[in-house]
Each structure stands twice: as structure tokens, then as C-alpha cells.
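This is what each chain is made of:
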Amino acid sequence: MTGRRTPAPISATWRAIAAPATALALFVAAHACGPVEKAGPATVITPPTPAAPPVQLPNRADSLKFAVLGDFGNGSAAQSQLGATMVKTRASFPFEMVILTGDNIYGSQRPQDFAARFEIPYKLLLDAGVKFYASLGNHDSPEQANYPPFNMDGKTYYSVKAPKQSVRFYALETTYPKPEQITWIENELKSTNDDWKIAFFHHPLYSSGERHGSDIQLRETLEPLFVQYNVSVVFTGHDHFYERTKPQKGIPYFVVGSGGQLRRGNIDTSTGITARGFDTDLAFLVAEIYRDELVFNTISRTGAVIDSGIILRRQPEK
């Protein structure tokens with residue numbers, strides 16, 4: 001695949017909640033009539049209606065807790081307000097890492113811009129030792145890979161083993177998805193044997209966005225690999241709203257693209273792929289993995305849980 005977009009310039013100078021019973025059992029007991037969405041080996045259990053009580057995060061001591069944030073770095077008051085909500089959420093749900101779905105810094109990308117649009121809005125999280133792992137969007141320069149707080153180690157695509165549970169995250173660069181990257185991700189997925197394989201990147205394979213929508217060319221390249229090598233969940237951004245799709249070929253896809261930027265009313269409800277959508281305010285997602293379950297809550301700028309559910313990891317076909 002060839003490059004399609006032009007990134008922004010950048011300076012090369014850097015400054016030096018539930019009882020311990022399983023969430024699945026709790027939820028099934030409380031919402032026995034809730035829908036179960038299936039496509040191939042994926043199973044997603046969600047509340048029967050958006051107004052139903054959200055699925056609670058089990059908050060186990062030995063689970064992996066992480067957050068997902070995208071399209072955030074504009075330095076706006078709303079971005080800072082969502083950052084404050086993340087801090088409040090972490091007070092009761094101590095997530096230890098945040099994966100970033102791209103468009104990390106909008107506009108000029110000087111050291112002072114990184115301070116205003118990343119370091120200050122998330123200072124309390126950074127001070128608490130939360131690790132951020134970035135992927136690059138079309139507004140990001142490849143030089144962001146050298147920015148230490150993004151933990152990319154100079155690479156525009158990479159994988160990271162989670163500190164708890166059997167989980168590995170794969171960050172891809174989808175503005176210029178060169179053939180060597182596709183070879184790399186196939187080899188990575190083929191050679192790693194973690195129970196949970198989770199991909200995150202900027203341009204969505206599935207999206208109901210009227211502005212951008214699904215990247216069909218990227219889907220044709222990546223989806224067969226995700227299906228073949230047992231990826232359980234995919235997180236993306238680019239469209240400035242929140243969307244969770246119905247599982248596509250066994251995989252649920254998330255668009256988490258409203259961490260700072262918001263495109264109100266941009267979800268096309270006629271696509272038929274949306275399980276939940278939210279395009280009226282900023283949002284981020286928190287998730288917890290314990291063994292074969294991923295429990296997620298999506299939280300708005302005001303602290304409201306606007307989506308939740310349980311994903312059972314894909315099992316290798318025998």
C-alpha cells in the first residue's frame with residue numbers, strides 16, 4: 001500500500017467497582033434478557049438498552065486495567081475536562097496504561113505544544129506513573145516516535161506485552177502502511193501466543209462516520225490477518241465520536257476518536273454495523289481483562305457511562 005496523507009511538521013528537539021464474582025456471572029444474573037451479539041467466535045454481552053444499568057468493572061486486584069483515548073491533542077478546555085474525568089475514574093479504577101489511537105497533537109508540534117496538549121492535560125496521570133502507548137494519526141509526525149512519554153522507542157509500529165494477564169497490544173501506523181509493516185504484523189501475530197491480541201491504530205476498518213467512515217483498502221489488507229491470527233479486539237480513532245460495531249467476522253471494532261475533537265451528529269445510523277454510538281460529547285474508554293473476559297465502560301466528559309459490556313476473547317479454532 002502507498003502513502004495517502006501528509007503529516008504535520010514537528011520539532012526534532014525534545015525536552016529532557018464490583019464483588020469478586022465474575023463480571024459475566026454478575027451481568028447475566030442481572031440482565032438475563034440482554035442481547036448476545038455473535039459473529040464467528042466473538043461474543044459481546046451488553047445491556048439490553050442504553051438506559052439499562054451499565055456493566056460494572058470488577059476491579060480485581062490482579063486484572064489488567066487500561067484506558068483508550070484518541071484524537072485528543074488540541075489543547076482545548078474540553079480536552080482538559082475529559083482529562084480530569086480520567087483522573088477521577090482512576091481514583092476508583094486504577095488503570096495502569098493508556099493506548100492512544102492517534103492524532104495525538106494537532107497543529108504545530110514544538111516542545112511547548114507537547115506540554116500544552118499532552119503533558120499538562122494528563123499531568124496527574126503521568127505523575128502517578130500511568131504509561132501512555134501511542135499510535136500515529138494523519139496529524140502526527142513520525143518523529144513523535146522519539147517522544148519519551150509516548151513509549152514508542154523510536155518505532156512507528158511496535159508491540160507491547162501488558163504488565164498483567166496474557167495480553168499483547170499491537171500499534172500500527174496506518175497513514176503510510178508500507179509493505180514491510182504488513183509483513184511485520186503478520187509475523188508478530190503468528191509468532192506470539194498471548195491469550196489476548198489487541199490491535200490499535202488510527203484509521204478504522206469499520207466506522208459509520210459520515211466524514212471518514214470505513215477504510216476499505218486498509219480493511220482488505222489487515223482484516224484477514226486479524227481473523228486468521230486470533231485478534232480479539234481492535235481500537236481505532238480518526239472519526240471524532242465513539243462507536244462500537246457489531247462483531248465483524250468475529251471481531252468487535254471500536255472507534256474512540258473524541259478525546260478532544262468532536263464531530264457532533266456524524267454517525268450514519270444507516271450502515272447497520274453500529275452496536276452503540278455516541279457523538280454528542282467527548283469520551284474515553286476504560287477496560288479490564290481477567291482471564292477470558294474483557295469488561296469495558298465508555299465514559300463521557302461529564303463522567304456518564306455511555307456504553308459498557310463484556311467481551312469474551314476469541315478462541316483459536318481447533
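All figures in this text were calculated on a predicted structure; none of them were measured in a lab. (Residues numbered from 1 in each chain as written. Predicted model: local features only at pLDDT ≥ 70, side-chain atom pairs only at ≥ 80, totals over all residues. Heavy atoms only, no water.)

Regarding the pairing of strand S9 (residues 233-236)
The alternating pattern of S9 places Val233 and Phe235 and Val234 and Thr236 on opposite faces, both of which are buried. Regarding topology, helix H6 (residues 216-228) serves as the crossover connection from strand S8 (residues 196-200) to the parallel S9, and that connection is right-handed. With three bridges connecting them, S9 and strand S11 (residues 253-256) associate as parallel partners. When the bridges of S11 are listed, Phe235 appears paired with Phe254. (Buried < 20%, exposed > 50% of the residue type's maximum accessible area, 1.4 Å probe, protein only. Helix = DSSP H or I, 4+ residues; strand = E, 2+ residues; numbered from the N terminus. Right-handed = clockwise from strand over helix to strand, strands pointing away. Pairing = 2+ DSSP bridges.)

A few points about the sheet that holds S11
In spatial order, the strands read S6-S7-S8-S9-S11-S10-S12; together these seven strands make up an open sheet with mixed pairing. Strands at the two margins of the open sheet, each flanked by one partner only, are strand S6 (158-161) and strand S12 (274-278). The mean angle between the axes of side-by-side strands here comes to 15°, regardless of whether they run parallel or antiparallel. As paired elements, strand S7 (residues 167-171) and S8 share five bridges and run parallel to each other. Across the sheet, residue Val167 finds its bridge partner in S8, namely Trp196. Along the sheet, helix H5 (residues 179-191) contacts S6, S7 and S8; its crossing angle with S7, the most-contacted strand, is approximately 175°. (Axes fitted to C-alpha atoms, helices over the stretch in contact; angles between N-to-C directions. Contact = heavy atoms within 4.5 Å.)

Quick word on the pattern of salt bridges
In total, this model carries 11 salt bridges according to the counting rule given. Put simply, Asp113 and Arg110 hold a salt bridge, and the shortest N to O gap is 3.0 Å. Judged by relative accessible area, which is 41%, Arg110 ranks as partly exposed. With its nearest N and O atoms 3.8 Å apart, the salt bridge here joins Asp307 to Arg276. One end of the pair, Asp307, is in strand S15 (residues 305-312); the other, Arg276, is in strand S12, with 31 residues separating them in the sequence. The class for Arg276 is buried, based on a relative accessible area of 15%. The network of salt bridges with common partners includes Arg110, Asp113 and Arg117. (Salt bridge = Lys/Arg side-chain N within 4 Å of Asp/Glu carboxyl O.)

Observations regarding the pairing of strand S4 (residues 97-100)
Across the two faces of S4 the burial is the same, with Met97 and Ile99 and Val98 and Leu100 all buried. Of the strand pairs in this sheet, strand S3 (residues 64-69) and S4 are connected by four bridges, and their pairing is parallel. Note on S4: the bridge partner recorded for Val68 is Ile99. Following the backbone out of S3, through helix H2 (residues 77-92) and into the adjacent parallel S4, one traces a crossover that is right-handed. Judged from the four bridges that link them, S4 and strand S5 (residues 131-134) form a sheet pairing that is parallel. From the neighbouring strand, Ile99 faces S5, where its bridge partner is Tyr133.

Digging into helix H3 (residues 111-119)
Within H3, seven of the nine residues are buried, which leaves it mostly tucked inside the rest of the structure. Residues of H3 that are buried include every one of Pro111, Asp113, Phe114, Ala115, Arg117, Phe118 and Glu119, and no others. Considering only its buried residues, H3 is in contact with H2, helix H4 (123-127) and S5.

Side note on unusual backbone geometry
Residues other than glycine seldom take positive phi values, yet Asn230 does so here, at roughly 70°. Here Asn230 is to be found in the loop between H6 and S9. Take Asn230: its relative accessible area is 12%, and that puts it in the buried class. Positive phi outside glycine occurs at His238, with the angle close to 80°. For His238, the position within the fold is in the loop between S9 and strand S10 (242-245).

A closer look at the confidence of the model for the chain
Of all residues in the chain, 86% have pLDDT values of 70 or greater, and the mean over the chain is 89. Taken as a whole, residues 6-35 scores under 50 in pLDDT and shows 72 contacts with residues more than four places along the chain or in a different chain. (pLDDT = per-residue confidence, 0-100.)

Considerations on the nonpolar core
Counting 60 residues, the largest nonpolar core has Phe66, Phe169, Ile198, Phe235 and Leu294 as the members making the most contacts within it. When near neighbours in sequence (up to four residues on either side) are disregarded, Phe235 contacts Phe66, Val68, Ile99, Thr101, Ile198, Ala199, Phe200, Phe201, Phe254, Val256 and Leu285. Residues Leu222, Val231, Ile251 and Tyr253 belong to the second largest nonpolar core, which totals 19 residues. (Core = buried A, V, L, I, M, F, W, Y, C linked by side-chain atoms within 4.5 Å.)

Structural notes on H2
Under the 1.5 Å per step criterion, the end-to-end length of H2 is 24 Å for 16 residues, consistent within 8% with the ideal 22 Å. Taken together, the buried positions of H2 are Gln79, Leu82, Gly83, Thr85, Met86 and Thr89. End-on view of H2: buried residues confined to an arc of 160°, all on one side of the axis. Opposite the buried face of H2, at more than 90 degrees from it, the exposed residues are Ala77, Lys88 and Ala91. Next to the buried residues of H2 lie S3, S4, H3, H4, strand S13 (283-290) and strand S14 (293-300). (Expected span 1.5 Å × (residues − 1). Arc of directions from axis to C-beta.)

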